[in-house]
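Commentary on secondary and tertiary structure
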Amino acid sequence: MGGALVWVLLLPLLLQDARTQEYSCALFSGNVDWTKEFQDMCLNFSKKGLSLPRNQSLLASKVISLDLSANGLRELPPVFFANLGTLQILDVTGNVLDHVDGALAARCNLDLKANCRCSLEVWHKVRSDNCSGQLPLQCLDVAMGAWRNLSAFLEASCAPRLAPSTIGGLVAGGCLLLGLAISGPMVAWRLRRCRAASSHGLGKAQATKDDSRPHWGWQPQYSSQGLNPKSPVVTLSSSHTSDYENMFLGQQAAGPGFQEHDLAKHGLCDLGQVASALWA
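Residues numbered from 1 in each chain as written. Predicted model: local features only at pLDDT ≥ 70, side-chain atom pairs only at ≥ 80, totals over all residues. Heavy atoms only, no water.

**Description of the confidence of the model for the protein chain**
Any region with low pLDDT has predicted coordinates that should not be read closely. Confidence along the protein chain averages 75 in pLDDT terms, with 60% of residues attaining 70 or more. Note on residues 5-21: pLDDT under 50 across the span, and ten contacts to partners over four residues away in sequence or across chains. (pLDDT = per-residue confidence, 0-100. Contact = heavy atoms within 4.5 Å.)

**Some remarks on the nonpolar core**
In this structure, Phe45, Leu58, Leu66, Leu68, Leu76, Phe81 and Leu90 are the most contacted members of the largest nonpolar core, which totals 37 residues. Per-element tally for this core: the top contributor is helix H4 (residues 150-157), with three residues. Excluding residues within four positions of it along the chain, Phe81 makes contact with Leu52, Leu66, Leu68, Leu76, Leu87, Leu90, Leu104 and Arg107. (Core = buried A, V, L, I, M, F, W, Y, C linked by side-chain atoms within 4.5 Å. Buried < 20%, exposed > 50% of the residue type's maximum accessible area, 1.4 Å probe, protein only. Helix = DSSP H or I, 4+ residues; strand = E, 2+ residues; numbered from the N terminus.)

**Describing the sheet that holds strand S4 (residues 111-113)**
One open sheet holds the four strands; their spatial order is S1-S2-S3-S4, and the pairing between them is parallel. Strands at the two margins of the open sheet, each flanked by one partner only, are strand S1 (42-44) and S4. In this sheet, adjacent strand axes meet at a mean angle of 5 degrees when their direction is disregarded. Bridge count between strand S2 (residues 65-67) and strand S3 (residues 89-91): three bridges; the pairing is parallel. By the bridge assignment for S3, Asp67 is matched with Asp91. (Pairing = 2+ DSSP bridges. Axes fitted to C-alpha atoms, helices over the stretch in contact; angles between N-to-C directions.)

**Some remarks on the state of the cysteines**
Under the defined criterion, the tally for this structure stands at four disulfides. There is a disulfide in this structure between Cys25 and Cys42, and the S-S distance comes to 2.1 Å. Disulfide Cys25-Cys42: the torsion about the S-S bond is -75 degrees, which places it as left-handed. Taken together, the positions of Cys25 in the loop between helix H1 (2-22) and S1 and Cys42 in strand S1 put the pair 17 residues apart, joining distant regions of the chain. Cys42 sits in the buried class, given a relative accessible area of 17%. (Disulfide = S-S within 2.5 Å.)

**A word on the packing of aromatic side chains**
In this structure the tally under the stated criterion is six aromatic pairs. Taking 5.7 Å as the distance between ring centres and 80 degrees as the angle between the ring planes, the aromatic pair formed by Phe28 and Phe38 counts as edge-to-face. With Phe28 in the loop between H1 and S1 and Phe38 in the loop between H1 and S1, this pair connects stretches of sequence that are ten residues apart. Owing to a relative accessible area of 3%, Phe38 belongs among the buried residues under this scheme. Each ring, one from Phe28 and one from Phe45, has its centre 5.3 Å from the other, and the planes form 75 degrees; the classification is edge-to-face. Note that Phe28 is positioned in the loop between H1 and S1 and Phe45 in the loop between S1 and S2, a separation of 17 residues in sequence. Note on accessibility: Phe28 and Phe45 belong to one class, buried. Taken together, Phe28, Trp34, Phe38, Phe45, Phe80 and Phe81 form an aromatic cluster joined through their ring pairs. A cation over a ring is seen here: Lys113 above Trp147, with NZ or CZ 5.3 Å from the ring centre. (Phe/Tyr/Trp six-rings, centres within 6.5 Å; stacked < 30°, edge-to-face > 60°. Lys NZ or Arg CZ within 6 Å of the ring centre and 35° of its normal.)

**Concerning the side chain of Asp91**
With respect to the helices and strands, the residue Asp91 is situated in strand S3. Buried Asp91, no salt bridge; nearest opposite-charge side chain is Lys113, N-O distance 6.9 Å. For Asp91, the side chain forms a polar contact with the side chain of Thr93, separated by 2.8 Å. Those residues within four positions of Asp91 in sequence are excluded, and the remaining contacts are Leu66, Asp67, Leu68, Ser69 and Lys113. (Lys, Arg positive; Asp, Glu negative; His and termini not counted. Salt bridge = Lys/Arg side-chain N within 4 Å of Asp/Glu carboxyl O. Polar contact = N/O pair within 3.5 Å; in protein donor to acceptor, adjacent residues only side chain to side chain.)

The structure is reproduced here in structure tokens:
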């Protein structure tokens, strides 16, 4: 029973290797001219430092196996493969592909051999949505030097990437939080001083109101040494002279709390207005 299970698991790989060996061919000699028509069923352009044209199809209507491995390719132009209706094996291992076109992946009879990269996610999705009854897709793990299940590789190595708009929103939110962390304590400190200045101003205004009631501004002083026919000594009170001057002239003595007093004077002792005054 165990031996039969092993054969069931190994049979797809053996069939795949047999199909690959069936269409293996010698390396193409000479320079490659994309305007030339090829009559071969197997073309091997490996390690020739080629670049694929974007606006011209390969003229090889009979080709079944195409080897483009180790050419430094970054993408597979869809137009280049447009007229290759008989193509069954496409070997692009040894290339660092940044993009694989979905139209090429929709050809369910095409076997792609490529290095394991996250750019194959499009290939995997198109195949899963459009091609049923297919063998599990595989890719070449360069680090391990072995073929690996493509689905398992994508799940383990290719986490979903954030959209540019999401990244921009996160950056803007971080900058806002940093600004609040820096300015918050300063705004709170200025708010406390502003409210203290407001309380001081109200107390001073109340004292000024009390002092504005009619009085003679003098107070007789009596001696305790006995009766004296002389008139009592009269002294003028000057304790509120500076307050009267400030009240009539509308000025405030400058000092450390002058800005907070000015904010309190104009009714600006709330969080938003203090912050606006702070950054103005």
